[in-house]
Amino acid sequence: MLTIWCNNDFGPNDERELALLRESVSNYQLVLFAEDDVSETARVALATADIAFGSPSPQDVLESKMLRWIHLNSAGYTSYDHEEIRNRLVTSGVALTNSSAVYDEPCAQHLLAMITSVARQLPAAMDSQRADKSWPMDSLRAGSQLLNGQTLLMLGFGAIARRLVELLRPLQMNLIAVRQKVSGTEPIQVHAISEVDKLLPLADHVVNILPANDQTTNLLDARRLASLKRGAIVYNIGRGSTLDQDALRNELVSGRLTAAYLDVTNPEPLPPDHPLWTTPNCFITPHIGGGHSNEKERQVNHFLNNLRRFESGEELINRVF
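Just so we're clear, the structure is a prediction, and the values are computed from it rather than from any experiment. (Residues numbered from 1 in each chain as written. Predicted model: local features only at pLDDT ≥ 70, side-chain atom pairs only at ≥ 80, totals over all residues. Heavy atoms only, no water.)

Asker: Please provide a residue-by-residue account of the overall build of the protein, values included.
Answerer: Scanning the protein from N- to C-terminus turns up twelve helices and twelve strands. Radius of gyration (C-alpha) of the protein: 22 Å, near the 20 Å computed for a compact globule of 321 residues. The C-alpha extent of the protein, read off along each of the three principal axes, is 70 × 40 × 40 Å. Sorting the 321 residues of the protein into buried and exposed places 47% on the buried side. A separation of at least 24 residues holds for 66% of the contacts in the protein among residues at least 6 apart in sequence. Carbon and sulfur atoms make up 50% of the accessible area of the protein, which amounts to about 16,100 Å² in all. Across the protein, the mean location of the 29 positive side-chain charges is 6 Å away from that of the 38 negative side-chain charges. (Helix = DSSP H or I, 4+ residues; strand = E, 2+ residues; numbered from the N terminus. Rg over C-alpha atoms; globule rule 2.2 N^0.38 Å. Buried < 20%, exposed > 50% of the residue type's maximum accessible area, 1.4 Å probe, protein only. Contact = heavy atoms within 4.5 Å. Areas by Shrake-Rupley, 256 points an atom, 1.4 Å probe, with all protein chains shown as cover. Lys, Arg positive; Asp, Glu negative; His and termini not counted. Charge placed at Lys NZ, Arg CZ, Asp CG, Glu CD.)

In structure tokens:
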């Protein structure tokens, strides 16, 4: 009997999802721990498990001699995105998968809402409703834009970006992207990330979906933000560390950039006195881009789907390495 170690965050309202997991893995030994359990008991159990589901510590994972597969409950895998960890796990034959299939749809829909809301003047209309209620029909109609023909540049081209492309296609935008490794099979024009400097000045919209790692820290720095055309809009649903927030604030205060939408910040939570909260045309959502009402159920089902593939030797979905 194989052992599944799990520290997926099941709250008091997730009894049905936890029952689904228990029932579906009844032929395994399932050992459950709280997400924040760093006890010796949890570490020893992980060291003797065959499969891990949740958010295990990479350092604890490296101490295991039994582990064959790690399934992360997040789309991000920043703590595993280091050459030493990758090499040791690959050498040991340990597979790593994430939950991109759970979060591509909500994140793409969140971005779609962000992109269309400014074009249709929704934030300005809401400001008027909450303040002077002046019925600014003429100015808001004049400021509304059609997205057709505008250029949108995606930084990163994984599952979220692919779904976003599908959602944006009916709007007839010019969609381009950069990524680390271009396969040539992408559905839109994709360039190597080394070409980002020549593409940024072309973009009306810059959608940042980059993960956090040594190569992406402050990738959107002051110089690159200054290279954007006047009136461009910046969106960040990747990680806060990839964007120079002070430089972004300066661009927004000057009025050179039309707006910024941030679902991620650095730090998180963003302190109440942080200047981004009061920066003009800076719209912040508190890292909810991936959220949805049946999130936990979809997490569990994604794991179970991959578990069936693991049992039959099929290719795992969302395999990182």
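Asker: Describe the packing of aromatic side chains, listing the residues and the values that go with them.
Answerer: With the rule as written, the count across this model stands at six aromatic pairs. On the basis of an interplanar angle of 40° and a centroid distance of 5.0 Å, the ring pair of Y261 and F283 is categorised as tilted. Taken together, the residues Y261 in strand β11 (residues 259-262) and F283 in strand β12 (residues 282-284) connect sequence positions 22 residues apart. Within the aromatic cluster, the residues linked to one another by ring pairs are F53, W69, F303 and F310. (Phe/Tyr/Trp six-rings, centres within 6.5 Å; stacked < 30°, edge-to-face > 60°.)

Asker: Can you explain the pairing of strand β7 (residues 174-179)? Please cite residues and give values.
Answerer: Each regular strand shows side chains that alternate between the opposite faces of the sheet. Both strand β6 (residues 151-155) and β7 contribute to a ladder of five bridges, which runs parallel. Within β7, the residue paired with L153 across the bridge is I176. Read as a crossover between parallel neighbours, the route from β6 over helix α8 (residues 159-168) to β7 is right-handed. Note: β7 against strand β8 (residues 189-192), four bridges, orientation parallel. Looking across to β8, one finds that V178 is bridged to H191. (Pairing = 2+ DSSP bridges. Right-handed = clockwise from strand over helix to strand, strands pointing away.)

Asker: So what about the sheet that holds strand β3 (residues 51-54)? Which residues, and what values?
Answerer: Pairing is parallel across the open sheet formed by five strands, whose spatial order is β2-β1-β3-β4-β5. Across the chains shown, the open sheet's two edge strands, defined by having one partner strand only, are β2 (29-32) and β5 (95-97). Averaged over neighbouring strand pairs, the angle between their axes works out to 15° when direction is ignored. Relative to β5, strand β4 (residues 69-72) is paired through three bridges, and the arrangement is parallel. (Axes fitted to C-alpha atoms, helices over the stretch in contact; angles between N-to-C directions.)

Asker: Give me the lowdown on helix α12 (residues 295-312), citing residues and values where you can.
Answerer: With 18 residues, α12 should reach 26 Å at 1.5 Å per residue; the first-to-last C-alpha distance of 26 Å fits that figure. Along α12, the residues classified as buried are K296, Q299, V300, H302, F303, L304, N306, L307 and F310. Where α12 is buried, its residues meet β1 (3-6), α1 (15-24), β3, β4, β5 and α5 (100-119). Two residues or fewer after α12 comes G313, characterised by a positive phi angle close to 80°. (Expected span 1.5 Å × (residues − 1).)

Asker: Describe the pattern of salt bridges, with residues and values.
Answerer: Taken as a whole and assessed by the stated rule, the structure comprises 15 salt bridges. Note that E40 is salt-bridged to R43, the shortest N-O span being 3.8 Å. Residue E40 and its partner R43 are both found in helix α2 (residues 40-47); the two are separated by three residues, about one turn of the helix. Under the relative-accessibility criterion, R43 is labelled partly exposed at 31%. Its salt-bridge partner being D81, residue R86 comes within 3.5 Å of it at the nearest N-O pair. The class of R86 is partly exposed, set by a relative accessible area of 27%. What you see here is one network of salt bridges that share partners, running through E40, R43, D60 and E63. (Salt bridge = Lys/Arg side-chain N within 4 Å of Asp/Glu carboxyl O.)

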